[in-house]
Amino acid sequence: MPSQDILINWSPQETRVAVVENGAVQELHIERTLERGMVGNVYLGKVVRVLPGMQSAFVDIGLDRAAFLHVADLHPGGHVPKADKGVDVPLVPIERQVFEGQTLTVQVIKDAIGTKGARLSMQVSIAGRMLVFLPHDDHIGISQKIGSQELREQLRARMTVLAGADLQNSGGGFILRTNAEEASDAELADDIAYLRRTWALIRSRAHSLPPGTLLHQDLTLAQRVLRDMAVDATQTIRIDSHLQCDALKAFGDTYTPDTVAKLDLYRGERPIFDLFGIEEELARALARRVDLKSGGYVIVDQTEALTTIDVNTGGYVGVRSFDDTIFKTNLEAAQTIARQLRLRNVLRALNPDESGCLIWLIWSVPARRPRASSNTPRRAPDRERSPSRPRCE
């Protein structure tokens, strides 16, 4: 794995993170303070109205509008409970489960839109680096992206041992994320400990604070650097804010102790992104036209539904033959495309349920060479982090 440095540019308005590998920017993440969503936040709510006709309730979680809780979201995972013979059991009416004035620990699963309040669930899930913790569940789930049945069973057996007796005593279940596929027992154990400490803090706050209180907020971008982005190949994590550096050290000491030693406060007068040439490189890298060293270029067009990438030889005329010129252009473009997918966060759009990515290489690559070019772009996209709540079995 190439050596990696992570640069964090912090201001009260936004946080920017650049992941640099071998001197080149590979990823850029931006989080604006005023645009942070509420999905994943855990609140201590108070039921203000129960609507039997809609099988739902309105819950005050301290926001301008009351949030919405459906009866299906009172059950683990929103699933209908099963009888012993596998027959669906009718949901217990919501008016028999909650009442006005009752306090509930709830999690936002959909942000408020327009005049509609946020949607809530009582099935809390907390994302870690490699695991998702389900405090109200008692099973081990595996991400569907881990396809090998043998590996799935091995991971499930390891997690059952690591989770210990708490798993059988309703101490919470876990979902293994895709990046847990090659995790060691020590890494999984650290994630288990982090998630259980987080849940213990949520429960403690729920017993001591009034309704309408935010009990847990999803990590900030800077904190997610320590939890999700820092890997063994990470050499340094430089941040240009003394206040945030101290806050990250305190967070790391508690939850990710292995990353604290990599934190480094940048004390220079010039902006950290300027010093390392990030601004200029990003301006070039995120332009519609991305030039190749050979003289060719790649055109990237992004829309809401589709991203298209077109490869052109441009000023590169080659030396030996037409086929050789095309092959070399495509091979160089494949490396650039892999980087572009990460920089522009296009990989998430490759989910067929959302959007798509269409890549046009130059036609007429010789039959004897396709494997070289087709394997090249796979290495960089494979490092993309998986979503925090994967589909599982």
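These remarks concern the structure in this document. (Residues numbered from 1 in each chain as written. Predicted model: local features only at pLDDT ≥ 70, side-chain atom pairs only at ≥ 80, totals over all residues. Heavy atoms only, no water.)

### Observations regarding helix α9 (residues 322–343)
An α-helix turns once per 3.6 residues; consequently, residues spaced three or four apart project the same way. Our working definition: By definition, any uninterrupted DSSP run of H or I lasting at least four residues is a helix, any uninterrupted run of E lasting at least two residues is a strand, and each is numbered from the N terminus. In this scheme, a helix's expected span is set at 1.5 Å multiplied by one less than its residue total. Exposure classes here rest on a 1.4 Å probe applied to the protein chains alone. A residue is buried below 20% of its type maximum, exposed above 50%, and partly exposed in between.
Under the 1.5 Å per step criterion, the end-to-end length of α9 is 31 Å for 22 residues, consistent within 8% with the ideal 32 Å. With respect to burial, α9 is a largely interior element, 16 of its 22 residues being buried.

### Focus: the sheet that holds strand β9 (residues 126–127)
Within a sheet, adjacent strands bond to each other through the backbone by hydrogen bonds, running parallel or antiparallel. We apply this condition: DSSP bridges decide pairing: two strands pair if at least two such bridges lie between them.
Across the sheet, four strands lie side by side as β9-β10-β12-β11; this open sheet has mixed pairing. What marks the edges here is a single partner per strand, and that holds for β9 and β11 (140–142). Pairing of β9 with strand β10 (residues 131–134), which is carried by two bridges, proceeds in the antiparallel orientation. Considered in β10, the bridge of isoleucine 126 is made with phenylalanine 133.

### A look at the pairing of strand β5 (residues 56–60)
By the bridge criterion, five bridges tie strand β4 (residues 42–51) to β5 in an arrangement that is antiparallel. In the strand pairing of β5, arginine 49 is matched with phenylalanine 58. Adjacent in sequence and paired antiparallel, β4 and β5 are bridged by four residues, among which glutamine 55 carries a positive phi angle near 50°. Between β5 and strand β6 (residues 67–70), which follow one another and run antiparallel, lie six residues, and glycine 62 among them has a positive phi close to 90°.

### What to know about the packing of aromatic side chains
Under the convention used in this document: Two rings from Phe, Tyr or Trp (for Trp, the six-membered ring) form a pair when their centres sit within 6.5 Å of each other. Planes less than 30 degrees apart are called stacked, planes more than 60 degrees apart edge-to-face, and all others tilted.
With the rule as written, the count across this model stands at two aromatic pairs. Geometrically, the ring pair formed by phenylalanine 58 and phenylalanine 68 is edge-to-face, given 6.2 Å between the ring centres and 65° between the ring planes. Of this pair, phenylalanine 58 sits in strand β5 while phenylalanine 68 sits in strand β6; the two residues are 10 residues apart in sequence, bridging distant segments of the chain. Among the residues examined, phenylalanine 58 registers a relative accessible area of 27% and is labelled partly exposed.

### Examining the nonpolar core
Inclusion rule: Residues grouped as a nonpolar core are buried Ala, Val, Leu, Ile, Met, Phe, Trp, Tyr and Cys residues, joined through side-chain atoms within 4.5 Å.
Among the nonpolar cores identified, the biggest contains 45 residues, and Ile6, Ile8, Leu131, Met159, Phe174, Leu176 and Ile237 are the most heavily contacted of them. Per-element tally for this core: the top contributor is helix α3 (residues 185–208), with seven residues. One finds Val50, Val59, Val71 and Leu120 within the second-largest nonpolar core, a separate group that totals 18 residues.

### Looking at the environment of proline 211
For clarity, the threshold we go by: In this description, contact between two residues means that some pair of their heavy atoms is separated by no more than 4.5 Å.
Mapped onto the elements, proline 211 comes out in the loop between α3 and β13 (213–216). Separated by 107 residues in sequence, proline 211 and leucine 104 place their C-alpha atoms 8.4 Å apart. Not counting the four nearest positions on each side in its chain, proline 211 is found in contact with Leu44, Gly45, Lys46 and Thr103.

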